[in-house]
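# Per-entry structural report
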Amino acid sequence: MPVITESDFNLQVKSKNFKQAYFIYGEEKYLVDYYTKLLTEKVLLNNSNSFNLQSFSSPDLDINALNVAVEALPLMAPLKCVQIFDLDVEKEPADIIKKLREIISDVPETTVLIISLPNLNFDLKRSSKWSNFIKFFEKHGEVLNLPIMNKLKLQRQLIKWAEKMSCKLSEKNSQLIIDKCGSNLLVLKNELEKLCAYAAGSEITSEAIDCVTVENFEANVFELTKAIMTKNYNRAFEVLNVLFLKKEEPISILSVVASNYIDIYRVKVAEFSGKNIYDVAEIFDYKRKMFRLENAKRYSKNISMESLRECINLLTKMDKQLKSSRLDSKILLEKFIMKLAVC
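In this report, the structure presented in the accompanying data block is examined. (Residues numbered from 1 in each chain as written. Predicted model: local features only at pLDDT ≥ 70, side-chain atom pairs only at ≥ 80, totals over all residues. Heavy atoms only, no water.)

## With respect to the overall build of the protein chain
The condition that has to hold: Numbering of helices and strands runs from the N terminus; a helix is a DSSP stretch of H or I covering at least four residues, while a strand is a stretch of E covering at least two. Only protein chains enter the accessibility calculation, which uses a 1.4 Å probe; a residue is then buried when its area is under 20% of its type maximum, exposed when over 50%, and partly exposed in between. Contacts between residues were defined by any pair of non-hydrogen atoms, one from each residue, lying within 4.5 Å. The Shrake-Rupley method, run with a 1.4 Å probe sphere, supplies the accessible areas, and residue values consider only the shown protein chains as cover.
For the protein chain, the helix and strand inventory stands at 16 helices and 5 strands. With the C-alpha coordinates of the protein chain rotated into their principal frame, the extents come out at 70 × 50 × 45 Å. The 343 residues of the protein chain split such that 45% are buried. The long-range share in the protein chain, meaning contacts at least 24 apart out of those at least 6 apart in sequence, stands at 74%. Accessible surface, the protein chain as shown: approximately 18500 Å² in total, 51% of it carbon and sulfur.

Pasting the structure below:
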């Protein structure tokens, strides 16, 4: 069976046309958790306290107990649900994975087996064990991959959530929330719930977003980079002071600033080579982080290639200095930001 989409998955759940085995994973952990719970509830007829639910976790998976749980008949219900959380194919012994494959390939019609990774991530391109496991699972069950949403999908999700909470949210203001709070869906949902409570059934305004939401670390540092790029020195030091007040480490701040400059450099080099940001995304695996390249393209126009290279050299020197100097790291970073701004 091929990897299914969210739409296919939701259709199966809504129609209760369940398959016998599901593998739910991806970088968007909010959705992994959400869809795992949704599937479990529907299989158990919305009875989460059912005797027909058994859960296991990795590492130290008890494969014999799992086999018994999968084979056992449901109690006074048409189906039972067996869950495995955060299965680590790379760390589990080979004999356990072999036995697990046998179980997956022969799940009874009265059982729905769900393998879910609400905390665990892995690199599919670099792990032959995971690649082989997923290919195997596709033959015997459904695989649902939930990557980080791009900005357009995040906007639509925020607008949809706002409507469900009887509030109106414009595309422009949904973008403002994302820019300020980042792309973590769980964080965004929490911030939107605060905004809807504040708006009390009316439209969510930009003033409310400024007043109620909390900027995340990367959003703050990107704002710092933007201020440097646009030569807005007052704003740069204002943002830097906010980061210091939040007790953010100078090395962490520098690291994110550097990653923003690397994004801009890659976009700039691509343009000189007749390529676009989609080519960059393919080469450097930005497929789920296109917003970073879109931002980089916007600000790459403000700096020449020569200045950009000089900035990257400064960033390298500053990284070494912060890690080796006994001087106050905050003072060092303030001086460095000034050098970067006039670069």
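## Considering the pattern of salt bridges
The line we're drawing: For salt bridges, the criterion is a side-chain nitrogen of Lys or Arg within 4 Å of an Asp or Glu carboxyl oxygen.
Counted under the stated rule, the structure contains 11 salt bridges. Across the pair Lys-194 and Glu-191 runs a salt bridge, and its minimum N-O distance is 3.2 Å. Here Lys-194 pairs with Glu-191, and both are found in helix 8 (residues 185–199), just 3 residues apart, close to one helical turn. Residue Lys-194 is classed as partly exposed on the basis of its relative accessible area of 34%. Salt-bridge contacts for Arg-292 lead to Asp-263; the nearest nitrogen and oxygen are separated by 3.0 Å. Here Arg-292, found in helix 14 (residues 290–300), pairs with Asp-263, found in helix 12 (residues 250–272); they are 29 residues apart in sequence, far enough to count as distant. Arg-292 sits in the partly exposed class, given a relative accessible area of 25%. Judged by relative accessible area, which is 2%, Asp-263 ranks as buried. One salt-bridge network, held together by shared partners, links Glu-223, Lys-226, Arg-235 and Glu-238.

## Focus: the side chain of Gln-12
The condition is simple: Under this definition, polar contacts are N or O atom pairs within 3.5 Å; protein pairs additionally need one hydrogen-donor-capable and one acceptor-capable atom, and for neighbouring residues in sequence, both atoms have to be side-chain atoms.
Mapped onto the elements of the fold, Gln-12 is located in helix 1 (residues 6–15). Of the polar contacts made by the side chain of Gln-12, one reaches the side chain of Tyr-22; its length is 2.6 Å. Not counting residues within four places of it along the chain, the set of residues in contact with Gln-12 comprises Ile-4, Asn-17, Phe-18, Lys-19, Tyr-22 and Glu-142.

## Considering the packing of helix 3 (residues 63–71) against helix 4 (residues 94–104)
Spelled out, the test is: Angles here are taken between N-to-C directions and fall from 0 to 180 degrees, while the axes themselves are lines fitted to C-alpha atoms, restricted in helices to the stretch in contact. The cut-offs work like this: below 35 degrees is roughly parallel, past 145 is roughly antiparallel, 65 to 115 is roughly perpendicular, and the gaps in between are oblique.
One way to put it is that helix 3 packs onto helix 4 with a least axis distance of 10 Å and a crossing angle of 5°. Relative to helix 4, helix 3 is oriented roughly parallel. When helix 3 is examined against helix 4, the residues Ile-63, Leu-66, Asn-67 and Val-70 are found in contact with a partner set consisting of Ile-96, Lys-99, Leu-100 and Ile-103.

## Considering unusual backbone geometry
Phi is positive for Leu-45, close to 60°, though the residue is something other than glycine. Along the polypeptide, Leu-45 turns up in the loop between helix 2 (29–43) and strand 2 (53–57). Note on Leu-45: relative accessible area 48%, which makes it partly exposed.

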